Structure formats: C-alpha cells, structure tokens
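Examining the three-dimensional arrangement
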Amino acid sequence: MKPTDDKNPEYFHKVVDCQYACPAHTPVPEYIRLIAAGKYTEAYMVNWESNVFPGILGRTCDRPCEPACRRGRIEEEPVAICRLKRVAADHKDDVRSLMPNAPFESNGKRIALIGGGPASLTVARDLAPLGYEIHLYDEQFAGGGMMRTQIPSFRLPLEVLDEEVNYILDMGIHVHFNQYVSSLKEIIDKEYNAVFIGTGSPKGRDLIIPGREEAKENIHIGVDWLASVAFEHTHKIGKKVIVLGGGNTAMDCCRTSRRLGGEDVKVVVRSPFKEMKASPWEKEDAIHEDILILDNHVPKQFVVENGKLKGMTFEKVHAVVNEKGKRSLVPTGEPEIFIEADDVLVAIGLENTFTWIENETGVRFDEWGMPVVDATTFQSTNPHVFFGGDAAFGAKNVITAVAHGHQAAISIDLFCKEKDLTQRPSPFTNLVSQKMGIHEWSYDSDIVNDHRFIVPHAPKKTTLADRKIEVELGFDIQTAVKEAHRCLNCDVQTVFEKDRCIECDACVDICPTACITFTMNGEEDDLRTRLRAPALNLTQDLYVSDTLPTKRVMVKDEDVCLHCGLCAERCPTSAWDMQQFLYKVTKAC
C-alpha cells in the first residue's frame, strides 16, 4: 500500500471527519474545548465565523456533523455537537463589540439579495464588511426567511431568531421588507453589480385525490399553515387532525397542532417508519407529545359528507426491495382504512417557484424547473445573477444554505473584481504540536466513558398549553462541560516521522486500543487483516508510513485511535507527536 504523507492536508481531510462533515466547516473540537474551559463567548464567535447562527442552529440544525463524530464509533451516540453550540449561545456575554462595526468604507459596488433567509443573510454578513452596499428584499416584515415562518417558536424562540438576524442587519444592510419581488428584470434594471437569489422553496406540494376540492376549507398546505400560525393569523385547529408526510415539516405541523387544540393528532406516511425523512429526535419528540405515527399508509381519498370533511381513507402497503435494490410500496391486500379528521395538514414536500423570473433575464432553467447553477460558483446562466440555499438545488437545511451563502459571497466578490470565479481562495489550515512537556499536552487527552447526556425538557403539560414556550431547555453549564469532555479530539493527530523511529515497538506495547502495527507492507485488503486489531471500517483510510530499515511499515488504524498521546509520551526518540489540525472556513476577502 502507498504511504500516507503525514504533512499532506489531503490526509487530514480524510481523517478529521467532523471538521468537514458540516457544510459550513465549523472547527468542531476547537469550540468544544472552549466550552469545556468555560469560554462561551469565544466558542460562540468561533461558530459565528462559520455557521453564522449558533443560537438558531444550536436548536434546529439537522446535525450533518454528528454522524461523522468518532465518539459514535465506540458508543451509541456521538458528542452532542449541535446542543453544545446552543450552550455557547445561551451563555455568551454581549458580543456586539466583537461583531464587524458598520459603517464600512464603501467600495462603490451594490448587491441585491432577494429573500431574507439564511443564505441571503450569510452573503450579507460576508460582503458588507468588504464595503459592498447590500440591499435585501423580502415579502415578510422581518428577516429570517423559513427560519421565521417554518420553525415553530417552541423550537426556536423569536428572541433568539431576532438577535442573530439583527447582528447581520445591523451591519448597515438596506432592508426592503414587506416588498414582494414580482420581477427579476426590475431588480436587474436597478443596475446592481450582482444579484443573489435566496428565496428558498416557498411552495408546499398539494395532494390531488378525490375529495380535495370539496373539503378544501379543512385541508391546509403545511408550510403555509405554519407561516399563518407564526404570524398569528391562525390560532386553532380541529380536535382530530391528520398530518400527511414524514419530514421535519410534518413533525412541526403535528406538534403545533397539539398546541392549537388538536387532541387526537396522527401523522400518516407512505414509507416505513425507519425511512421517514424526519430526524430521529424530531420523531421522538412527536411521539413524546402523544402523537401517533402510522407508516405504510397511502392516502386514497378525502371523505366528505354534506360538504364537510369527515376524514380520509388509506391503503395499507409494505416495502418490497427487488434484486436491483430498488424499493417499491406494494399493497398488502387488506381493506382500506378510514381515519376520522376535522382538519388535514399536507406536508409532503416543498417546491420552488420562479414565475417572477422572466425569460429575457437570461436565467435558464432545467427540465425540473430549477435554475441552471454552477455547483462551485453558484453563478447562473446570467453572469450577474447567483443562487443559493433551497432556491439553488432544492430543499435542504439551514446549515447547507449558510454554506451556499459563503461560497456565493466569494463568487460575487470575485465577479465584482473581474476575477476568475474558479480561482477560489483556499481555506486556512495548519498543524501545530500540542506538546508542553514529556508527559503533558495542551489539550485534555483523558478518555471519558460517559454516554451522551440527555437534554432536559420543560414539562409536557406546560409546553402543550402555549406554543411559544420552548420545549428543550438546553444543557446547564456543568452538564455541558461533561458532554464536551466526551470529545475524542479528532483534530489532534498522531504525526509519525519515519526517520526518527528506531522500531523499538514501545508505541505498540502502550497503545490501549491496539491501533498501531509494524508489519510487512502489502495491498490494502491484505494489510487490513494483518493488523493487531483488524481494520474493518473500509471508509476510514489507514495511516501507512514509508518503508522502515527493517523493511516493515508502521500502520495505524485511525478508526480506533483515541488520540490519547500515550504513543508520543512513550516514544524515546519523538518519532510520534500530537499535532492539532486547524481549519478555518473560506470566506470572501
């Protein structure tokens, strides 16, 4: 097997999983160590640099980083990365003095942002300090986009949303709220230097089956209904409610229904329970609030009597996988099932709508009605127009929209400077030794065996009585520190220098997980079977040195390494060192 160059950033790109799993590239262990040290303001600012919305994401993120957390390889649950972001947000001091202070020296360029959601706000945050005059257009009365209309207050309090949105708007952003953009051509005619479109996926899919038109008064599109509740136009719902769909929007609809008078609330979904798109914790919270989830039910008809909705009928199905691995839902042959309902909420997906973008703008769309957008630069077929967030590639999540905003801001800055958009600035990376002495490291190297700590919830009776009472209470400081100490420091790497190694095998003897082996080289498949502990996780690359004087190689299985530093402490020649890898997100500069 070819050796792994321990000075090559590509190696660390593969090893430091949790730093790269999050689309906005938060340096996860860095802020976790700050929390463990009680430095909440510093941890908040580290998150703000990359994730932009620590308090919001600390409550609502889909957590794409957590499946990559190495703690999840030795225990059932990873480090509570998302909830530790909230700790930093909840316990920070006043950070306004640390924010970029407007007004900024103008560079003479004007940028229009259409849509006030996370993607547009990220573009504004990145470009305003560079001297761009930012104009943000949104049909709502305040910024936040889908974070304001689709995430209920019992998950995201308005004061948290407003605080973090206003950190950006207070940078001198020219806001045009309560203004629906009905023509992209009109915006372009205002002679902005560039236009960014971050309008999200604002349209909920409807379900056209028999009875839909007759029962329309009691059938509601989920995202529209959530917005109506958020803006306090809707205050109640029927006692018996059916929510159609298996995503997070469906979970928000059913839990909001319980707070607005729904006593018998059922979520009905086509797919098996395990295949529902909703996050596992969202399903758990719904079940905890006495909401029944019925899987493998295909809606057939809205049942209407005397012009009034009575309920729905469903066909029972089960999942069948063919020889090619393709799944299909096959009827079980059982009689159709009738479920009573006073109201039905349809939450079966989101769609984009670009009827306001005229053909003469030069923005082209594909066969699915989505804009043709470069996946790297986020530039459309009109060079002056850029897309990001759900508007670019369909519905994702807040953190992906933030990542799009960072990259689009880089492109807009390069475009306005008449530079090549493909020649993008590199992220900041470095490696720094953590050695403080023979037996001391600058990071906490003790291995804690605690299982993931549970986030406390407010009493169910209290939260169901008021939709504005936050359900999750967050970690207290003591629990947060304990949770932070579960981190296995995946950014602190064991760096091996072949020329210093005398092959004494002292590191092999002291390693608590048998992750180091000195053996003859070979093909990877063969090498994996000859290690002290067989390397069974094929998704994790092996760390292989150049050939040593004895013709052996050193092989380390990063999958089971604890980064405890014992190998570096025991090595008599300092062939091993513990070095921290730092990654800082690339932004417009």
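Structure's up top.
Below you will find a few notes about this structure.

The next thing to look at is the overall build of the protein chain. A count of helices and strands for the protein chain gives 20 helices and 22 strands. A compact globule built from 589 residues should have a C-alpha radius of gyration of about 25 Å, and the protein chain, at 27 Å, falls within 12% of that. The principal-axis extents of the C-alpha atoms in the protein chain amount to approximately 90 × 65 × 50 Å. In the protein chain, which comprises 589 residues, the share counted as buried stands at 55%. Intrachain contacts of the protein chain at a sequence separation of at least 6 include 72% that bridge at least 24 residues. With an accessible surface of roughly 26,100 Å², the protein chain has 50% of that area assigned to carbon and sulfur atoms. Mean positive and mean negative side-chain charge positions of the protein chain (68 and 88 charges, respectively) differ by 2 Å.

Here five strands make up an open sheet; going across it, the order is 6-14-7-8-9 and the pairing parallel. In this open sheet, the two strands that pair with only one neighbour each are strand 6 (219–221) and strand 9 (292–294). Across the sheet, the axes of successive neighbouring strands diverge by a mean angle of 20 degrees, strand direction being ignored. Looking at chain direction, strand 6 and strand 14 (residues 343–346) are connected through three bridges and run parallel. Counted as the bridge partner of His 220 is Leu 345 from strand 14. Sheet strands in contact with helix 12 (residues 248–259) are strand 7 (240–244), strand 8 (264–268), strand 9 and strand 14, and its direction is about 170 degrees off that of strand 8.

Another aspect to go through is the environment of Thr 429. Position of Thr 429 relative to the elements: it lies in strand 17 (residues 428–433). The exposure class assigned to Thr 429 is partly exposed, which follows from its relative accessible area of 34%. Taking the C-alpha atoms as reference points, Thr 429 and Ile 151, 278 residues apart in sequence, are found 35 Å from one another.

For the rest of this paragraph, the subject is the sheet that holds strand 20 (residues 542–544). Here we have three strands laid out as an open sheet, ordered 19-21-20, and antiparallel in their pairing. Each end of this open sheet is capped by a strand with a single partner; those strands are strand 19 (516–520) and strand 20. Neighbouring strand axes in the sheet, compared pairwise and without regard to direction, differ in orientation by 30 degrees on average. Two strands pair when backbone bridges link them, and strand 20 and strand 21 (residues 552–557) are joined in this way by three bridges, in the antiparallel orientation. Paired with Tyr 543 across the bridge in strand 21 is Lys 556.

Another point: the packing of helix 3 (residues 28–36) against helix 4 (residues 40–50). Where helix 3 meets helix 4, the axes come as close as 8 Å, and the angle between the chain directions of the two elements is 165 degrees. For the element pair helix 3 / helix 4, the angle class is roughly antiparallel. For the pair helix 3 and helix 4, the crossing hand works out as left-handed. Facing helix 3, whose interface residues are Glu 30, Tyr 31, Leu 34 and Ile 35, helix 4 presents Tyr 40, Glu 42, Ala 43, Val 46 and Asn 47.

For the rest of this paragraph, the subject is the side chain of His 563. Looking at where His 563 falls in the secondary structure, it is placed in the loop between strand 21 and helix 20 (566–570). Assessed through its relative accessible area of 0%, His 563 is described here as buried. Among the polar contacts made by the side chain of His 563, one reaches the main-chain carbonyl oxygen of Val 492 at a distance of 2.7 Å. Non-local contacts of His 563, meaning those with residues more than four positions away in its chain, are made with Arg 70, Tyr 443, Ser 445, Leu 488, Asn 489, Cys 490, Val 492, Gln 493, Glu 558 and Met 578.

Turning next to the side chain of Arg 452. Position of Arg 452 relative to the elements: it lies in the loop between strand 17 and helix 16 (460–463). Classification of Arg 452 by relative accessible area gives buried; the value is 18%. In terms of polar contacts, Arg 452 uses its side chain to reach the side chain of Glu 66, at 3.1 Å. Among the polar contacts listed, one links the side chain of Arg 452 to the backbone oxygen of Pro 78, at a separation of 3.2 Å. Contact partners of Arg 452, with chain neighbours within four places excluded, come to Arg 63, Glu 66, Glu 77, Pro 78, Val 79, Ala 80, Glu 483 and Arg 486.

Let us now look at the packing of helix 7 (residues 118–127) against helix 9 (residues 158–169). Interaxial distance between helix 7 and helix 9 falls to 9 Å at its minimum, and their mutual angle equals 40 degrees. Judged by the angle between their axes, helix 7 and helix 9 are oblique. Side by side, helix 7 and helix 9 meet where Leu 121, Ala 124 and Arg 125 of the first sit next to Val 165, Ile 168 and Leu 169 of the second. Here the residues of the contact of helix 7 with helix 9 are counted per class, giving five nonpolar, no polar and one charged.

With that settled, consider the nonpolar core. In terms of nonpolar packing, the biggest core is built from 93 residues, with Ile 35, Leu 84, Ile 197 and Phe 387 touching the most fellow members. At 11 residues, the largest contribution of residues to this core is made by helix 15 (residues 398–416). Those residues in contact with Ile 35, other than ones at most four positions away along the chain, are Tyr 40, Ala 43, Leu 84, Val 87, Ala 88, Ala 480, Val 481 and Ala 484.

The next subject is the pattern of salt bridges. Should the charged atoms of two oppositely charged side chains come close, the side chains can pair. Applying the stated criterion across every chain, the model contains 43 salt bridges. In this structure, the salt-bridge partner of Asp 90 is Arg 59, at a minimum N-O distance of 3.0 Å. Separated by 31 residues along the polypeptide, Asp 90 in helix 6 (residues 81–90) and Arg 59 in helix 5 (residues 54–60) bring together distant segments of the chain. Arg 258 serves as the salt-bridge partner of Asp 290, at 3.6 Å between the closest nitrogen and oxygen. Of the two residues, Asp 290 sits in the loop between helix 13 (280–288) and strand 9 while Arg 258 sits in helix 12, which places them 32 residues apart along the sequence. For Asp 290, a relative accessible area of 48% translates into the label partly exposed. Through salt bridges with shared partners, a single ionic network connects Arg 155, Asp 252, Arg 255, Arg 259, Glu 282, Asp 285 and Glu 289.

Parameters at a glance
Residues numbered from 1 in each chain as written. Predicted model: local features only at pLDDT ≥ 70, side-chain atom pairs only at ≥ 80, totals over all residues. Heavy atoms only, no water. Helix = DSSP H or I, 4+ residues; strand = E, 2+ residues; numbered from the N terminus. Rg over C-alpha atoms; globule rule 2.2 N^0.38 Å. Buried < 20%, exposed > 50% of the residue type's maximum accessible area, 1.4 Å probe, protein only. Contact = heavy atoms within 4.5 Å. Areas by Shrake-Rupley, 256 points an atom, 1.4 Å probe, with all protein chains shown as cover. Lys, Arg positive; Asp, Glu negative; His and termini not counted. Charge placed at Lys NZ, Arg CZ, Asp CG, Glu CD. Pairing = 2+ DSSP bridges. Axes fitted to C-alpha atoms, helices over the stretch in contact; angles between N-to-C directions. Parallel < 35°, antiparallel > 145°, perpendicular 65-115°, else oblique. Left-handed = near helix turned anticlockwise from the far one by under 90°. Polar contact = N/O pair within 3.5 Å; in protein donor to acceptor, adjacent residues only side chain to side chain. Nonpolar A, V, L, I, M, F, W, Y, C, P; charged D, E, K, R; others polar. Core = buried A, V, L, I, M, F, W, Y, C linked by side-chain atoms within 4.5 Å. Salt bridge = Lys/Arg side-chain N within 4 Å of Asp/Glu carboxyl O.

Shape is all these values report; function is a separate question.
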